[in-house]
Each structure stands twice: as C-alpha cells, then as structure tokens.
Amino acid sequence: MLTIKRYVRAQSLDEAYALCQKRANVVLGGMLWLKTQNRTVDTAIDLCGLGLDTIEETPDAYRIGAMVSLRALEQHAGLGALTQGALAESVRHIVGVQFRNLATVGGSLYGRFGFSDVLTLFLALDARVELHHGGTVPLAEYAARPYERDILTHVVLPKLPGRVAYASQRNSATDFPVLACAVALRPDGVRCAVGARPMKAQLYPGDPALLAGGVTPETADAFAAAVAQQAAFGSNLRAGADYRRGLCRVLVRRALLACKEG
Amino acid sequence: MEIQLKLNGRPLRAAVEPGTLLLDFVRAHGCASVKRGCETSNCGLCTVLLDGKPVLSCSVLAARADGCEVQTLEGLQAEAEAFVAFIADQGAEQCGFCNPGYVMNTIALLRENPDPTDDEIRAYLAGNLCRCSGYEGQLRGIRAFLDARGPAKEGHHG
Ligand SMILES: Cc1cc2nc3c(=O)[nH]c(=O)nc-3n(C[C@H](O)[C@H](O)[C@H](O)COP(=O)(O)OP(=O)(O)OC[C@H]3O[C@@H](n4cnc5c(N)ncnc54)[C@H](O)[C@@H]3O)c2cc1C
Ligand code: FES
Ligand code: FES
C-alpha cells in the first residue's frame, strides 16, 4: 500500500526539484505505478500545476510535457500523422481508456520499465528527454542510466522522414506485453527497438546491409533474424526466452514490412 | 488539508488526508455508485469523470482533484437513462457490481464518439471488467440502443 504523509502541489520546477532530492519524497506522475508499491512517502510532489500537460509543435519536433497522458498522445492528430498510427497502436492495449487518461508519458519514461510499450516506441523514434537539471539527453542514453533524482520535464520527438510501425504480442488483452517491437525506416537507415524481453527496451542495429537493396519479405526476415540473434531475452511467467526470440523475428519482420507497405 | 471541488454540480469544500483517494472521498460524500473493485487500476469499477474525462478514482488523490469538477453516476442519471434499459434487456447485468463503471464509461464513450462501431465500443470499454458476463451482452445492449436511436445529430467524430 502507498502511504502519503504530505501532499505538495509544486509551484515551480525548482521547488519540485528541491523537494525530490530527499529520498523519502516522491514525484507523482499518474501515480498508477507508484500505487502498486508498498511504501511510505513523506511528501508526494505533484507536478500537475506546472503546465506540463501540453504538446507543442515546432518546425522540426513535437515537445511533449511530462504530464501529458497516454490517452492524449493516442488522440493527437499530429503525433498520429508523424508515427502513422504507431503511437496509438503502442498504447491501445494498456489497460483501458480511464487508465490512459491518468498514466503520464513522464512517469512511463522515468520508470524505464521492462515491459514498457512507450519506452520501446520512443527509442525507435529517436526521442530526447529534457531533465530540469540534467539538460537534454537522448532517450537511449537515459534508458541505460540509473535512476536519478531529477524531474523529467519534457520528451521531444523529432520530425524525421520515413515510416514507423509498432507490433506487440500479449497473452491476453490488456496484459503486459510478452514482447514489443518498434521499427523506424528512415532514408538514412533503420532504428529497431525491442522491449519486454522482459528486460527493458533497447535498440539493436541488426545488419543494415541486408536492407541495402530494399525491404522485401526475404530481406525483412533476414534483418529480423539478425536482430533476434543480437538481442538478449529472459524468461518470466509470461513466456520463455526462446519463445521471445522466435517472436522477435516475427514481430520485427512484420513491423518492417508494415513500414514498407505504408 | 482542505480541497474545493464541484461534485455532481455542487460546490464542495472539505478536509482530506494527503493520501485520501478520490474513490473514498466521493463515497464519503454520498456517491455509493462508485465501487471499490480491484483497487489496482485494472477493473474500471471506480470510474468517475474528472473534468469530463473518465478516470479510475481508486488511483487519483482527492488532493489532485482540488479545483476540478467530478461527476459520478449519481449526477448523470438522466444521461444514463437513455441506454441502461437496453443493457439490462440483454441480460448483461448479473450481479450488477460492474454496472456503474460500465455506465460511466459508456457515457464518456458516447460523448466522445456518438456513433461508435462495435470495435470502437470494445476498445473504449476494454478497461471495464465483468466477472459474470461474457461482455457480449453489454455490447449488444449498447448496439441496440444506438440502432434504436438512429444516427447521432452531432455526427461522427471518432
Ligand atoms: C496495472 C498496470 C498495467 C500496466 N500495463 C502496461 C502495459 O501493458 N504497457 C506499458 O507500457 N505500461 C503499462 N503499465 C505502466 C503504465 O503505462 C505507466 O507507465 C506507469 O503507470 C507509470 O506512469 P504514471 O504516470 O502512472 O507514473 P507514476 O506511477 O506516477 O510514476 C512512476 C515513477 O516515475 C516517477 N515520475 C513520474 N513522473 C516523473 C517526472 N515527470 N519526473 C521524474 N520522475 C517522475 C515517479 O516518482 C515514480 O518513480 C501498467 C501499469 C499498471 C499499474
Ligand atoms: S477499483 Fe479502480 S480500477 Fe479497480
Ligand atoms: S455483472 Fe457481475 S461483475 Fe459484471
């Protein structure tokens, strides 16, 4: 059970940052993950009054506030066009609409959860995160870092040319994914992220030379096989490592072919 | 601490503990339609509208609702009346425990998308669990209501 002794609606990011330096204090996103934990929190630091719930469009990027809900991401027309629907596809299995109205992109990326659909897709999209003190960091670097006591304020999605596709597999509807794959096919190469391995999502290069002549069912399969060989997989109650490796080859191939078809 | 909000249109000022959940707050203020189901953000029984959006009240602090508008089924009887009999007609209610959450989320669905397809209904209600029925009854009920009503005046914006 989550026990909260004090609640503060932060008036500024500096205040939130100062408060979150104390180990017993905690930043609130949507609180959904926090609520599954058994802990006592001194001060719950609420970011909901800081205007971090907007999506700004600039000529070359979308800048998404940390408190933007997964539902808002799913429904945003510009992000839908940028990702050809992959963003909505990546979150639509997450519990339900009421849940996604609460879960935040900031909490989802800060958490760097093994099962995260959001982390998987955002890695393939070359996202950057903005930290109040730590500045701007590529998500791939952030994902590999240990947890720091800093506020994630925004996530930036660059407007890159090319196509994106997302594919995941679940044992039952609304459960955590057994495996999640995101592929971005860019004029200068391919970005392929695999998550829920069940370890957290990571980018894998595959063998780009295999796609030099274009994406066909054969080259997509060869590339997917290379990714499945490079990636590390583990076993948990949802699936075994070997099954995940087999699934990875199928999902990466499908995602690549979906990019090609679009 | 003290919070101020609107509950079913009524301004309310009340003292809450920092960790009080919105679920416990609305139940303590007479809204017993809001049910405590899983309390782990999985079942949708505790659905309320927070500033018009359906959310899980078991997973929101009452403190965060300070300054907001909260609606429960107690305040949305007229809107629910239009379709609940269609759901009952299909035998979709057995123990009925999940029903208020279903009705609240169906209200949210129909406000957002007045002419949903069956797949859109399924997707929107995926976070509402029912231990008794096979979900088909709820779907048939909403479909029967939509067919009886005809196309919505506002048009489709799904
Ligand atoms: C039942 C359930 C099922 C789920 N299923 C899925 C699934 O299938 N796929 C999937 O991808 N995800 C799933 N999730 C995870 C979910 O989508 C969210 O990623 C998760 O709840 C975290 O988001 P939140 O906004 O609730 O964060 P919180 O729970 O509020 O916070 C999570 C962590 O991030 C910290 N934090 C939050 N915001 C910030 C910030 N701006 N700066 C710094 N630190 C911050 C908090 O202190 C905490 O440590 C599930 C979660 C639950 C509870
Ligand atoms: S009681 Fe809130 S989701 Fe189950
Ligand atoms: S009718 Fe019993 S839980 Fe739905």
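Here goes a summary of the coordinates provided.

## Describing the overall build of chain A
Along its length, chain A carries 10 helices and 12 strands. The C-alpha atoms of chain A give a radius of gyration of 18 Å, which matches the 18 Å a tight globule of 262 residues would have. Expressed along its principal axes, the backbone C-alpha trace of chain A runs to roughly 60 × 45 × 30 Å. Nonlocal contacts in chain A, meaning residues at least 24 apart in sequence, comprise 62% of its contacts between residues at least 6 apart. A total accessible area of about 10700 Å² is found for chain A, and carbon and sulfur atoms account for 53% of it.

## What to know about the pattern of salt bridges
Oppositely charged side chains can pair when the atoms bearing their charge come close. For the structure on display, the rule yields 26 salt bridges over all chains. Salt-bridge contacts for R145(A) lead to E148(A); the nearest nitrogen and oxygen are separated by 3.4 Å. Accessibility expressed as a relative area gives 23% for R145(A), which makes it partly exposed. For E148(A), a relative accessible area of 30% translates into the label partly exposed. Across the pair R143(B) and D147(B) runs a salt bridge, and its minimum N-O distance is 3.5 Å. Remark: D147(B) and R143(B) occur in helix α5 (residues 136–149); sequence separation between them is 4 residues, near one turn of the helix. Each member of the salt-bridge network shares a partner with another, and the members are K35(A), D24(B), R36(B) and E39(B).

## Re the interface of chain A and chain B
Between chain A and chain B, the residue contacts involve 24 residues of the former and 28 residues of the latter. For the chain A and chain B pair, buried surface summed over both sides reaches about 1900 Å², with 58% attributable to carbon and sulfur atoms. Three residues, Y7(A), K35(A) and Q98(A), lead the burial of chain A against chain B; their summed loss comes to 32% of the area buried on that side. Applying the counting rule to chain A against chain B returns 3 salt bridges. One can count 13 residue pairs in polar contact (both at pLDDT 80 or more) joining chain A with chain B. Taken together, the elements giving at least two residues each to the side of chain A that touches chain B come down to β1 (2–9), α2 (70–75) and α5 (97–100) of chain A. Residue composition of the side of chain A that touches chain B, by class: 11 nonpolar, 7 polar and 6 charged.

## A look at the site of ligand 1
For ligand 1, the set of nearby residues contains 36 residues, the closest of which are V27(A), G30(A), M31(A), T104(A) and D117(A). Mapping the residues near ligand 1 onto chains gives chains A and B. At 2.7 Å from a nitrogen atom of ligand 1 is found a side-chain nitrogen or oxygen belonging to D117(A). Separating an oxygen atom of ligand 1 from a side-chain N or O atom of R170(A) is a distance of 3.0 Å.

Cut-offs used in this document
- Residues numbered from 1 in each chain as written.
- Chains lettered and ligands numbered in written order.
- Predicted model: local features only at pLDDT ≥ 70, side-chain atom pairs only at ≥ 80, totals over all residues.
- Heavy atoms only, no water.
- Helix = DSSP H or I, 4+ residues; strand = E, 2+ residues; numbered from the N terminus.
- Rg over C-alpha atoms; globule rule 2.2 N^0.38 Å.
- Contact = heavy atoms within 4.5 Å.
- Areas by Shrake-Rupley, 256 points an atom, 1.4 Å probe, with all protein chains shown as cover.
- Salt bridge = Lys/Arg side-chain N within 4 Å of Asp/Glu carboxyl O.
- Buried < 20%, exposed > 50% of the residue type's maximum accessible area, 1.4 Å probe, protein only.
- Buried area = accessible area lost by both parts, 1.4 Å probe.
- Polar contact = N/O pair within 3.5 Å; in protein donor to acceptor, adjacent residues only side chain to side chain.
- Nonpolar A, V, L, I, M, F, W, Y, C, P; charged D, E, K, R; others polar.
- Near = heavy atom within 4 Å.

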